[in-house]
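What the coordinates show
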Amino acid sequence: MNRMNLKRWAGVMAVGVLLFSGIASGEEENTDTAPGRTMARQAVRGERPGITVDHSRIDALKKPFSSGPEITGTCLSCHTEAESQFHQTIHWTWRADDVKGKGGFSLNNFCISANKMTDKGCLSCHPGWNKAVESVNCLVCHGQKEINWEEAFADLKVFAASDDASEKEIAEEIRANIRDAVTNIGLPGRKNCGSCHFYGGGGDGVKHGDLDSSMARPNKALDVHMGEDGQNFTCTRCHTTKRHNIAGRIYTVPAATERKSLVEDDLTAKITCESCHTATPHKKGSKPNDHTDKVACQTCHIPYFARVNPTKMSWDWSKAGKLKDGKPFKSKGPYGKKDYLTVKGEMRWEKNVRPEYFWFNGSIDGVTAKDRVDPGTVVAVSHPVGSQDDPNSRIFPFKVHRGVQPYDKIHKTLLAPLLSGDKGYWKTLDWNSALAVGQSALGLPFSGEFDFVETTYVFPTTHMVAPKNNVVRCSECHVRNDGRMADLAGFYMPGRNQNRWINTIGWVAVLGAAIGVTVHGLGRIFSPKNGRKENG
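Residues numbered from 1 in each chain as written. Predicted model: local features only at pLDDT ≥ 70, side-chain atom pairs only at ≥ 80, totals over all residues. Heavy atoms only, no water.

1. Topic: the side chain of Thr-72
This is how it is decided: Runs of E in the DSSP output that reach at least two residues are strands. Runs of H or I that reach at least four are helices, and both are numbered from the N terminus. The definition of a polar contact used here is a pair of N or O atoms within 3.5 Å, where within protein one atom must be able to donate a hydrogen and the other to accept one, and adjacent residues in sequence count solely through side-chain atom pairs. Whether two residues are in contact is decided by their heavy atoms: any pair within 4.5 Å suffices.
With respect to the helices, strands and loops of the structure, Thr-72 is situated in helix H3 (residues 68-76). Reaching out from Thr-72, the side chain makes a polar contact with the side chain of Trp-129 at a distance of 2.7 Å. When near neighbours in sequence (up to four residues on either side) are disregarded, Thr-72 contacts Glu-83, Trp-129, Ser-135, Val-136, Asn-137 and Cys-138.

2. Quick word on helix H7 (residues 149-160)
This is how the line gets drawn: Take the number of residues in a helix, subtract one, and multiply by 1.5 Å to get its expected span. Three exposure classes are used, based on accessible area relative to the maximum for each residue type with a 1.4 Å probe and protein chains only: buried under 20%, partly exposed in between, and exposed over 50%. By definition, the arc is the one covered by directions from the helix axis to the C-beta atoms.
Between its terminal C-alpha atoms H7 stretches 16 Å, which fits the 16 Å expected from twelve residues at 1.5 Å a residue. Looking only at H7, the buried set comprises Trp-149, Ala-152, Phe-153, Leu-156 and Phe-159. Along H7, the residues classed as buried sweep out an arc of 135° about the axis, all on the same side. The exposed set on the far side of H7, more than 90 degrees from its buried face, consists of Lys-157 and Val-158. On its buried side, H7 packs onto H3, helix H6 (139-142) and helix H8 (165-183).

3. Examining the packing of aromatic side chains
Going by this rule: Each pair of aromatic rings taken from Phe, Tyr and Trp, with Trp reduced to its six-membered ring, is defined by centres within 6.5 Å and is described as stacked if the planes are under 30 degrees apart, edge-to-face if over 60, and tilted in the remaining cases. Ring-over charges, as used throughout, are those where CZ of Arg or NZ of Lys falls within 6 Å of the ring centre and within 35 degrees of the ring normal.
If you walk through the whole model with that rule in mind, you get 19 aromatic pairs. Centre to centre, the rings of Trp-129 and Trp-149 are 5.5 Å apart; their planes meet at 85°, and the pair counts as edge-to-face. Note that Trp-129 is positioned in the loop between helix H5 (90-93) and H6 and Trp-149 in helix H7, a separation of 20 residues in sequence. Neither Trp-129 nor Trp-149 differs from the other in exposure class; each is buried. Relative to Trp-431, the ring of Tyr-425 lies with its centre 4.0 Å away and its plane at 20°, an arrangement referred to as stacked. In this pair, the class of Tyr-425 matches that of Trp-431, namely buried. Following the ring pairs from residue to residue traces out a cluster consisting of Phe-110, Trp-315, Trp-317, Tyr-425, Trp-431, Phe-450, Phe-452, Tyr-457 and Phe-459. We note Lys-312 situated over the ring of Trp-315; from NZ or CZ to the ring centre the distance is 4.0 Å.

4. So, the layout of surface pockets
So the rule is basically this: Grid points spaced at 1 Å over the protein atoms alone were grouped into cavities, where a 1.4 Å probe fits but cannot get out, and pockets, open sets with protein on both sides within 12 Å along at least five of seven lines, with lining residues defined by an atom within 4 Å of a point. Grid points are joined across faces, edges and corners, and a volume is the space filled by probe spheres set on the points. Lys, Arg, Asp and Glu make up the charged group, whereas Ala, Val, Leu, Ile, Met, Phe, Trp, Tyr, Cys and Pro make up the nonpolar group; the residues left over, Gly among them, are polar.
The space that makes up the second largest pocket amounts to roughly 910 Å³. Lining the second largest pocket are 34 residues, and of these Leu-139, Val-140, Ile-147, Trp-149 and Ser-195 sit closest to its centre. Residue assignment for the lining of the second largest pocket shows that the elements contributing at least two residues are H6, H7 and helix H9 (190-197). For the lining of the second largest pocket, the leading source of residues is H9, giving six residues. Of the residues assigned to the lining of the second largest pocket, the class counts are twelve nonpolar, 14 polar and eight charged.

5. What about unusual backbone geometry?
A positive phi angle is found at Ile-112, which is not glycine, with a value near 75°. By relative accessible area, Ile-112 is classed as buried at 1%. One non-glycine residue, Ala-306, adopts positive backbone phi at about 55°. Within the secondary structure, Ala-306 is located in the loop between helix H11 (297-301) and strand E3 (311-316). Note on Ala-306: relative accessible area 0%, which makes it buried.

6. Looking at the pattern of salt bridges
Heads up, the rule is: In the sections that follow, a salt bridge refers to a side-chain nitrogen of Lys or Arg positioned within 4 Å of a carboxyl oxygen of Asp or Glu.
Within this structure, the stated rule accounts for 15 salt bridges. A salt bridge links Asp-365 to Lys-100; its shortest N-O distance comes to 3.0 Å. With Asp-365 in strand E8 (residues 363-366) and Lys-100 in the loop between H5 and H6, this residue pair connects regions lying 265 residues apart in the sequence. Among the residues examined, Lys-100 registers a relative accessible area of 26% and is labelled partly exposed. Between Glu-228 and Arg-190 there is a salt bridge; the shortest N-O distance is 3.6 Å. You can see Glu-228 sitting in the loop between H9 and strand E1 (241-242) and its partner Arg-190 sitting in helix H9, a full 38 residues away along the chain. According to the relative accessible area criterion, Glu-228 is partly exposed, its value standing at 36%. Taken together, the shared-partner salt bridges connect Arg-190, Arg-217 and Glu-228 into one network.

Quick look at the structure:
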């Protein structure tokens, strides 16, 4: 190539570099102008309507309450329909229908069963007063002041009955604390929801890998929506509510029955990403927009869960019951979490966990205490519903908790032991007795012969949405070995799958082009006239 051609190529390359850098900087400056981002901002624009009453000014709430149900009665004197509405919700009944739900025959592989609410230990998360299921405790969700109601009323009863002046003074302090809690009312915040959902399964982060105490006051590096230095969303910003029914319950209202955005229907429940961001959240012509019909937003935008606190990933009940020096014992493993307890067995915790992926249409199904299982396989106590042929299904990230739990060798059903209380396993360490009492509470038979079976239980990963700079890279999925989608079969994925004939044709085309370019170049170089006309 002569000097003139080299100069031309240098000029072209310089222009190309300038154009590329201009495009790159333009994309960086305009990343926030993607249509989905703009739509999302419009969907949540401005402050939400505030509360229209100052409860601290209501005289009825200033009287000296002596019990929780008395407080509820006062709430209902104004909010007349609230209790009847709430009694119809899954948060109260713990039942999706006659069979499914914690109040029915559903099981998990954590604490296994609530035994139709017979196990009072489970009721610490029920929104009733003092582990009762008669009167709603409105302040579980609406109280903005933290207080231990059971302890407060128990102490008040003791100190108020005393003749000692100092104890009478303590009683007045308790009454004042109760009065402050009763009058400090608002819309549910993260701590209200988190008081149960962060601690489900008996501890912080036990169940949901994407819900733990770190989400009470997260930064946007942990969750771009809920971060206090970002959008600062509360749970109800997306989990919208109608007559106390909360959007997003996978038993009663599947999240993805209709994938409508607020642009299409301004009354749609804000629960799927599409609700605010639409189905084309990225810039027009952007490759990620080509994925949204098959890949859930969470799959790319939640690369790992349990990023601050660890989450429990397995629980082996078959190891429970061991003693040390004739006494129950416990031990701690990584992250300072207990990895063995005599009353619970062996457990494993992890942090920064990469999700597992399944086709998911927003619904979860599974086996109940009534269903027969095959103990020769790993029993899916719960599993995602969906397939690649379902237009409502997307590839979705999950936490998969693995367990080992008891089953009936004769009836071939999973068993539901009673755990807490005088007759529970945690006190007796007697499996036969705990299983018999637990099954009786469900009205189901127990043959007396049991063993343990491996199980799985899934949790959709929808929180801990990472900033855009930390999303899953293309090469993490489109790769031959150990890709994120390695376990999803039945479809072709570029970079992951190979077709011998397509590869052969492709390489022939590449080699043919290379040979052609080489021959042409050599011809230009060694041609006597080098492609130019001779001067006359």
